[in-house]
2 protein chains.
Amino acid sequence: MSPGHTEVTVEAVGAAELEPCGQPEHPDCGIRDVLDRVGDKWSVLVIVELSNGPRRFRQLQRAVDGISQRMLTLTVRRLERDGLVLRTVYPTVPAQVDYRLTETGAGLTHLVKALAEWSLEHRDTIARARQSYDQEHPGSGIR
Amino acid sequence: MSPGHTEVTVEAVGAAELEPCGQPEHPDCGIRDVLDRVGDKWSVLVIVELSNGPRRFRQLQRAVDGISQRMLTLTVRRLERDGLVLRTVYPTVPAQVDYRLTETGAGLTHLVKALAEWSLEHRDTIARARQSYDQEHPGSGIR
DNA sequence: CAGCATCCTCCATGATACTG
DNA sequence: CAGTATCATGGAGGATGCTG
């Protein structure tokens, strides 16, 4: 997975076969587009929950503990806009809406789950690293 | 919240084999700890750059286009604190410092690269999805 | 139930200046 | 070179109230 590339910059992330794209304006090659989504506070948790099957709005809100109505709306709208989530409205009374992953979204799920598993596997290691860092650097103010 | 919930919640992320951990206080099981790092604006780009080998401070700053001195400092410090990056100071004049991934950090790199590759593979699909969403939902205000 | 509209707060990030 | 210190700010996110 690591071919013999010489000076590689951060944008040539995938390895040799990936387009370096090398535009100063887009140093991240659109990776940020996805990362901004994966990175925000709620998207991943919503995606993971949806990976267990379709969910309705309130159901999602209850599952993703702590999310506000507003943020759930925003999150799920953005995911829909990106084509990762499909939103279906049933014209019942009261209204009923469900959300499910699209195929694209499901593909991302695997990566997200891998990340989640990695997190769980290394949380202790990281926690210990932090403790020892904080001991050796008292009052560093880093969080 | 329901103490003995049988409902599958977002924390049962990996699937059946992952610890549900089920603490209302830590619904994310520490996934957030890692996600917060992966999610912030610069960590991933720094990690990816470091995956190409050790880098010095200025070198990193030049590679990660657009990062400010302050944010680079904060980012590498946090990565160091988490045990993902090793910081080595050489007592030369002027000072010389290099950063390299720890083994833990290198492990995360693989996932991050997978994410980056996925991003590149799907950026067009996502871009098209956004376009069509924006057409069908004019003035929705979603970004 | 599934939202939208407002208001408000705080923090991540940026800009700038200075230092060993 | 490799930072630290300080100030400013935009926007993410929370709280609340209302609606079809």
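Everything numeric here is computed off the predicted structure, so don't read it as measured data.

Rules behind the numbers
Residues numbered from 1 in each chain as written. Chains lettered and ligands numbered in written order. Predicted model: local features only at pLDDT ≥ 70, side-chain atom pairs only at ≥ 80, totals over all residues. Heavy atoms only, no water. Near = heavy atom within 4 Å. Polar contact = N/O pair within 3.5 Å; in protein donor to acceptor, adjacent residues only side chain to side chain. Helix = DSSP H or I, 4+ residues; strand = E, 2+ residues; numbered from the N terminus. Nonpolar A, V, L, I, M, F, W, Y, C, P; charged D, E, K, R; others polar. Pairing = 2+ DSSP bridges. Contact = heavy atoms within 4.5 Å. Axes fitted to C-alpha atoms, helices over the stretch in contact; angles between N-to-C directions. Salt bridge = Lys/Arg side-chain N within 4 Å of Asp/Glu carboxyl O. Buried < 20%, exposed > 50% of the residue type's maximum accessible area, 1.4 Å probe, protein only. Core = buried A, V, L, I, M, F, W, Y, C linked by side-chain atoms within 4.5 Å. Parallel < 35°, antiparallel > 145°, perpendicular 65-115°, else oblique.

Participant: Run through the protein's contact with DNA strand C, naming residues and quoting values.
Facilitator: A:Arg58, A:Thr73, A:Arg87, A:Tyr99 and B:Arg70 are the nearest of the 19 residues found near DNA strand C. Among atoms of DNA strand C positioned within 4 Å of the protein, sugar and phosphate together represent 65%. In the model, a phosphate oxygen of DNA strand C is placed 3.0 Å from a nitrogen or oxygen of the B:Lys41 side chain. Elements that contribute at least two residues to the surface near DNA strand C include exactly α3 (57–63), α4 (69–81) and β3 (96–101) of chain A together with α4 (69–81) of chain B. A class-by-class count of the residues in the surface near DNA strand C yields 7 nonpolar, 3 polar and 9 charged.

Participant: So what's going on with the pairing of strand β2 (residues 85–90) of chain B? Residues and values would help.
Facilitator: Side-chain positions along a regular strand alternate between the two faces of the sheet. Residues and elements named next belong to chain B. As judged from the 6 bridges shared by β2 and strand β3 (residues 96–101), these two strands associate in the antiparallel manner. Bridge pairing links valine 89 to valine 97 in β3. The hairpin turn running from β2 into β3, its antiparallel successor, is 5 residues long.

Participant: How would you explain the sheet that holds strand β1 (residues 55–56) of chain A if you had to name every residue and give the values?
Facilitator: All names here are of chain A. If you trace the 3 strands from one edge of the open sheet to the other, you get β1-β3-β2, paired in antiparallel fashion. In this open sheet, the two strands that pair with only one neighbour each are β1 and β2 (85–90). Lying over the sheet, α4 contacts β2 and β3, oriented at roughly 110 degrees with respect to β2.

Participant: Tell me about unusual backbone geometry, and name the residues and values.
Facilitator: In this structure, A:Pro94 follows A:Val93 across a cis peptide bond, with omega equal to 0 degrees. Here A:Pro94 shows up in the loop between β2 and β3.

Participant: Account for the protein's contact with DNA strand D, with residues named and values stated.
Facilitator: Taken together, 20 residues lie around DNA strand D, and A:Arg70, B:Arg58, B:Gln69, B:Arg87 and B:Tyr99 are the ones closest in. One nitrogen or oxygen atom from the side chain of B:Arg77 is found 3.2 Å from a phosphate oxygen belonging to DNA strand D. Looking at the surface near DNA strand D, the elements that each hand over two or more residues are α4 of chain A together with α3 (57–63), α4 and β3 of chain B. By residue class, the composition of the surface near DNA strand D is 7 nonpolar, 5 polar and 8 charged.

Participant: Tell me what's going on with the pattern of salt bridges, and back it up with residues and numbers.
Facilitator: All names here are of chain A. Under the definition given, this model contains 12 salt bridges over all chains. Note that arginine 37 and aspartate 82 form a salt bridge whose closest N and O atoms lie 3.0 Å from each other. One end of the pair, arginine 37, is in helix α1 (residues 31–39); the other, aspartate 82, is in the loop between α4 and β2, and 45 residues separate them in sequence. Side by side, arginine 37 and aspartate 82 carry an identical accessibility label, which is buried. Linking glutamate 49 and arginine 55 is a salt bridge whose minimum nitrogen-to-oxygen distance equals 2.7 Å. With relative accessibility at 1%, the residue glutamate 49 sits in the buried group.

Participant: For the sheet that holds β2(B), give the residues involved together with the corresponding values.
Facilitator: Residue and element names in this part refer to chain B. Taken in spatial order, the 3 strands make up an open sheet running β1-β3-β2, and their pairing is antiparallel. The strands lining the two open edges of the sheet, one partner per strand, are β1 (55–56) and β2. Along the sheet, α4 contacts β2 and β3; its crossing angle with β2, the most-contacted strand, is approximately 110 degrees.

Participant: Can you break down the pairing of β3(A) residue by residue, with the values?
Facilitator: Sheet analysis places β1(A) next to β3(A), joined by 2 bridges and oriented antiparallel. Within β3(A), the position partnered with A:Arg55 by the bridge is A:Tyr99.

Participant: Can you explain the side chain of B:Asp98? Please cite residues and give values.
Facilitator: All names here are of chain B. Among the structural elements, aspartate 98 can be located in strand β3. Judged by its relative accessible area of 9%, aspartate 98 is buried. Among the polar contacts made by the side chain of aspartate 98, one reaches the side chain of tyrosine 90 at a distance of 3.2 Å. Of note is the side chain of aspartate 98, whose polar atom sits 3.1 Å from the side chain of arginine 100.

Participant: Lay out the nonpolar core in plain terms, naming residues and giving numbers.
Facilitator: Ranked by size, the top nonpolar core spans 62 residues in total, and within it A:Tyr99, A:Leu108, B:Val46, B:Tyr99 and B:Leu108 carry the most contacts. Among all residues touching B:Val46, those that are not within four sequence positions of it are B:Leu60, B:Val64, B:Leu72, B:Thr75, B:Val76 and B:Leu79.

Participant: I'd love a proper account of α1(A), names of residues and values included.
Facilitator: An α-helical turn contains 3.6 residues, so any two residues separated by three or four positions project in the same direction. Counted residue by residue, α1(A) has 7 buried out of 9 residues, so it is predominantly covered. Residues of α1(A) that are buried: A:Ile31, A:Arg32, A:Val34, A:Leu35, A:Arg37, A:Val38 and A:Gly39. Buried positions along α1(A) lie against α2 (43–50), α4 and α5 (103–136) of chain A together with α1 (31–39), α2 (43–50) and α5 (103–136) of chain B.

Participant: For the packing of α2(B) against α4(B), give the residues involved together with the corresponding values.
Facilitator: Residue and element names in this part refer to chain B. Look at α2 against α4: their axes get within 10 Å of each other, and the N-to-C directions meet at 70 degrees. In terms of orientation, α2 and α4 fall into the roughly perpendicular class. Of the residues in α4, those touching α2 at Ser43, Val46 and Ile47 are Leu72, Thr75, Val76 and Leu79. Per-class residue counts for the contact of α2 with α4 are 5 nonpolar, 2 polar and no charged.

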